[in-house]
Amino acid sequence: MSKRILITGAAGFLGSHLCDRFIAEGFQVVGMDNLITGDLNNIKHLFPLESFEFQNHDVSNFIDVKGPLDYILHFASPASPIDYLKIPIQTLKVGSLGTHNLLGLAKEKKARVLIASTSEVYGDPTVHPQPEEYWGNVNPIGPRSVYDEAKRFQEAITMAYHTFHGIETRIVRIFNTYGPRMRLNDGRVLPAFIGQALRGEDLTIFGDGSQTRAFCYVDDLVEGIFRLLMSDYSYPVNIGNPDEITINEFAEEIIKLTGTSQKIIYHALPQDDPKQRKPDISKAKTILNWEPKISREEGLKITYDYFKNFTKEQLEETKYSKEF
Ligand code: NAD
Ligand code: UDP
């Protein structure tokens, strides 16, 4: 009998890639999503498969899944600063109530559950690079707090279900990840720059561009998540690519990649925007024998190839004007 896994956020960027991976591994996959930031086009190729089923459901409400479940991956949550500023209450609810519902479901089904946490739990970090032992520097009432604090609560309730109810839990702290199926207008820096280049607009850098990030290609992340789920380690693990770069350097790489003749323009830095971020991946290396394999040059090329043939309509499409 093949194993059965529930993946929430299945129509989103990461959720859809996880569906593909678990289908390829021979799992029965139940995808769940309410499509608030996701898109069914990301998983439409899976609909004909017997090994895939989809439920359109808001996981912040009681979750009913018929039949057995061996594993649960909770990836439902708005994930870009623009998204969670547009829908702050839903963001808080899916990280808190949604996670509570999924932990309850895991307890009921005796399933192992993996929760998608984030480098945002470290806030604007004062320790660099960030190891899992660092407790973070988060503004509890700032604009990003709806996401950061929901994710911190998510980790707390997950550990509590593990220690109090004895359920098998895994926590992945994901650092900036990119690849095909990101929403071009979700405001994250990579789709922002590529979208601007393709539309013939100037590239917008927030602040002076000296802030750093470290970008991981999606296939590397998915491999790390797969290994973490199959491991017996129940404490948080950073998964990300430690190859750190300033946003100024990143913009130059995108200009070179796309060949755009547009210039860079500078906008104000959003409040509480982290000045530096880079994962310490020692734990992933020793516990999971994992490290990223795909260079930024290679990953950016694959990602640009995905977006470069988008139609004018696809380039202009914004979720917000349609949905919010
Ligand atoms: P995404 O917006 O592409 O996907 C999120 C999906 O969750 C969407 O399909 C959305 O419709 C769905 N969703 C949101 N609220 C829901 C609800 N209440 N019920 C059901 N479905 C709901 O974002 P993503 O980049 O794929 O992020 C997925 C997860 O990974 C999130 O939990 C995010 O916090 C985490 N994460 C992502 C990154 C990254 O770099 N991509 C970094 C850190 C953490
Ligand atoms: N950023 C930018 N221009 C944009 C979008 C983002 O300079 O058009 C900056 C943003 O201020 C941040 C970095 O790029 O410093 C990464 O932003 P993103 O929203 O992708 O992720 P996060 O801040 O969550 O790491």
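Structure report, in brief.

Conventions adopted
- Residues numbered from 1 in each chain as written.
- Chains lettered and ligands numbered in written order.
- Predicted model: local features only at pLDDT ≥ 70, side-chain atom pairs only at ≥ 80, totals over all residues.
- Heavy atoms only, no water.
- Axes fitted to C-alpha atoms, helices over the stretch in contact; angles between N-to-C directions.
- Helix = DSSP H or I, 4+ residues; strand = E, 2+ residues; numbered from the N terminus.
- Left-handed = near helix turned anticlockwise from the far one by under 90°.
- Contact = heavy atoms within 4.5 Å.
- Nonpolar A, V, L, I, M, F, W, Y, C, P; charged D, E, K, R; others polar.
- Near = heavy atom within 4 Å.
- Polar contact = N/O pair within 3.5 Å; in protein donor to acceptor, adjacent residues only side chain to side chain.
- Areas by Shrake-Rupley, 256 points an atom, 1.4 Å probe, with all protein chains shown as cover.
- Disulfide = S-S within 2.5 Å.
- Buried < 20%, exposed > 50% of the residue type's maximum accessible area, 1.4 Å probe, protein only.
- Pairing = 2+ DSSP bridges.
- Salt bridge = Lys/Arg side-chain N within 4 Å of Asp/Glu carboxyl O.

**Focus on the packing of helix α1 (residues 13–24) against helix α6 (residues 218–230)**
- Contact geometry for α1 and α6: axes closest at 10 Å, N-to-C directions at 65°. Remark: the crossing between α1 and α6 carries right-handed chirality. In this structure, α1 contributes F13, L14, H17, L18, R21 and F22 to the contact, and α6 contributes V218, L221, V222, E223, I225, F226, L229 and M230.
- Each residue belonging to the contact of α1 with α6 can be placed in one class, and the counts come to 11 nonpolar, one polar and two charged.

**Some words on the site of ligand 2**
- Surrounding ligand 2, one finds 18 residues, the nearest of these being T204, F206, R213, D273 and R277.
- Note that an oxygen atom of ligand 2 is positioned 2.9 Å from one of the side-chain N or O atoms of N176.
- Interatomic distance of 2.7 Å between a backbone N/O atom of F206 and an oxygen atom of ligand 2.
- Compared with its free state, where it exposes 520 Å², ligand 2 has 94% of that area covered by protein.
- Residue composition of the shell around ligand 2, grouped by class: eight nonpolar, four polar and six charged.

**Considerations on the state of the cysteines**
- This model, assessed by the stated rule, comprises zero disulfides.
- Residue C216 stays outside any disulfide, its sulfur separated by 19 Å from that of C19, the closest cysteine.

**Details of the site of ligand 1**
- Every one of the 29 residues lining ligand 1 counts as a neighbour, but L14, D33, T37, D58 and Y147 are closest to it.
- In the model, an oxygen atom of ligand 1 is placed 2.8 Å from a nitrogen or oxygen of the K151 side chain.
- Residue T177 places a main-chain N or O atom 2.8 Å away from an oxygen atom belonging to ligand 1.
- Relative to its unbound accessible surface of 820 Å², ligand 1 loses 96% to contact with the protein.
- In terms of residue count, the dominant contributor to the shell around ligand 1 is strand β5 (residues 112–118) (three residues).

**A closer look at the environment of R181**
- Residue position: R181 is located in the loop between β7 (177–178) and α5 (189–199).
- Residue classification places R181 among the buried residues on the basis of a relative accessible area of 17%.
- Excluding anything up to four places from it in sequence, R181 contacts F13, S16, H17, D20, N42, H45 and Y306.
- At 3.1 Å, the side chain of R181 forms a polar contact with the side chain of S16.
- In terms of polar contacts, R181 uses its side chain to reach the side chain of D20, at 2.9 Å.

**Comments concerning the sheet that holds β5**
- Read across the open sheet, the seven strands follow the order β3-β2-β1-β4-β5-β6-β11; overall the sheet is parallel. The sheet terminates laterally at β3 (52–56) and β11 (237–239), the two strands that pair on one side only. Averaged over all pairs of adjacent strands, the angle between their axes in this sheet comes to 20°, without regard to strand direction.
- Examined bridge by bridge, strand β6 (residues 169–174) and β11 share three bridges and lie parallel to one another. Note that in β11 the partner of V172 across the bridge is V237.
- Most of the contacts of helix α4 (residues 145–165) go to β5, to which it runs at about 155°, and overall it touches β4 (71–74), β5 and β6.
- Where α6 meets the sheet, its contacts fall on β1 (4–8), β4, β5, β6 and β11, and the angle it forms with β6 comes to roughly 160°.

**A few points about the pattern of salt bridges**
- In this structure the tally under the stated criterion is 24 salt bridges.
- For R144, the salt bridge is made with D273, and the minimal N-O distance between the two is 3.9 Å. With R144 in the loop between β5 and α4 and D273 in the loop between β13 (264–267) and α8 (282–288), this residue pair connects regions lying 129 residues apart in the sequence.
- Relative accessible area serves as the criterion here: at 11%, D273 is assigned to the buried category.
- Residue R199 pairs with E201 through a salt bridge whose shortest N-O separation is 3.1 Å.
- Note on E201: relative accessible area 34%, which makes it partly exposed.
- Each member of the salt-bridge network shares a partner with another, and the members are E120, R144, R213, D273 and R277.

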